[in-house]
Amino acid sequence: MCVFKLLEKRDWYGYELISEISKSIVISEGTIYPLLRRVKNDGYVTTYLKESQSGPPRKYYKLTDEGKNVSKQLTTEWVDFADKVNKFLESG
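Residues numbered from 1 in each chain as written. Predicted model: local features only at pLDDT ≥ 70, side-chain atom pairs only at ≥ 80, totals over all residues. Heavy atoms only, no water.

J.: For this particular structure, what's the right way to read the overall build of the protein chain?
T.: Along its length, the protein chain carries four helices and three strands. Walking the protein chain from its N terminus toward its C terminus, one meets helices and strands in the order α-β-α-α-β-β-α. Overall, the protein chain is about 55 × 25 × 20 Å in size when its C-alpha atoms are taken along their principal axes. Within the span of the protein chain, comprising 92 residues, buried residues form 27% of the whole. Once local pairs closer than 6 in sequence are excluded, the contacts in the protein chain between residues at least 24 apart make up 41%. Of note, the protein chain has its 15 positive side-chain charges centred 4 Å away from the centre of its 13 negative side-chain charges. (Helix = DSSP H or I, 4+ residues; strand = E, 2+ residues; numbered from the N terminus. Buried < 20%, exposed > 50% of the residue type's maximum accessible area, 1.4 Å probe, protein only. Contact = heavy atoms within 4.5 Å. Lys, Arg positive; Asp, Glu negative; His and termini not counted. Charge placed at Lys NZ, Arg CZ, Asp CG, Glu CD.)

Okay, here's the thing in structure tokens:
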């Protein structure tokens, strides 16, 4: 869900996603790259190469329209889940 939310704002390359998400939660390359491969295979993102000023071209990830829909659905489900957990914690 975090990857989808970032990709809603703009296109990112893999390491950049890891760095941004790592500012809030612990995440590793071993988590992000398989996830990116899977969501690409599912048609939720597309990729393209962009030249880099500091090395080889970077692979950027871009949400597809279907990916945008999935992102909205995941967000709705998460908010609903978090609300229920918060209510449970408050009453327990």
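Next comes the rest of the description.
J.: Looking at this model, I keep getting lost on the sheet that holds strand 3 (residues 55-63). Mind explaining?
T.: The strands making up a sheet are joined through hydrogen bonds of the backbone, oriented either antiparallel or parallel. On the basis of which strands lie adjacent, the open sheet formed by three strands has the order 1-3-2 and antiparallel pairing. Here the strands that pair on one side only, and so sit at the sheet edges, are strand 1 (12-13) and strand 2 (45-52). Taken together, the two bridges between strand 1 and strand 3 define a ladder with antiparallel strand orientation. Across the sheet, the residue bridging to Y13 is Y60, located in strand 3. (Pairing = 2+ DSSP bridges.)

J.: Honestly, the pairing of strand 3 in this entry has me stumped. Any pointers?
T.: Looking along a regular strand, one sees the side chains alternate between the two faces of the sheet. The sheet contact formed by strand 2 and strand 3 spans seven bridges and is antiparallel. By the bridge assignment for strand 3, K50 is matched with R58. The turn joining strand 2 and strand 3, which pair antiparallel and follow one another in sequence, is formed by two residues.

J.: Looking at this structure, how should I read a nonpolar patch on the surface?
T.: On the surface, a cluster of nonpolar side chains totalling about 710 Å² of accessible area is made up of M1, W78, V79, F81, V85, F88 and L89. Looking at the element boundaries, V85 is found in helix 4 (residues 65-91). (Patch = residues over 30% accessible without salt bridge, like charges linked within 9 Å, V, L, I, M, F, W, Y side chains within 5 Å. Areas by Shrake-Rupley, 256 points an atom, 1.4 Å probe, with all protein chains shown as cover. Salt bridge = Lys/Arg side-chain N within 4 Å of Asp/Glu carboxyl O.)

J.: Where do I start with the pattern of salt bridges in this structure?
T.: Side-chain pairs of opposite charge can arise where the charged atoms are in close proximity. Using the criterion set out here, one finds four salt bridges in the structure. When the shortest N-O distance is used, the salt bridge between K84 and D80 registers 3.2 Å. Separated by four residues within a single helix, K84 and D80 lie in helix 4, roughly one turn from each other. The partly exposed category is assigned to D80, whose relative accessible area is 39%.

J.: Help me understand helix 2 (residues 14-22) in this model?
T.: Note on helix geometry: an α-helix contains 3.6 residues per turn, so any two residues three or four positions apart are oriented the same way. When we look at burial in helix 2, the residues that qualify are G14, E16, L17, I18 and I21. For helix 2, the secondary structure elements touched by its buried residues are helix 1 (2-9), strand 1, helix 3 (29-41) and strand 3.

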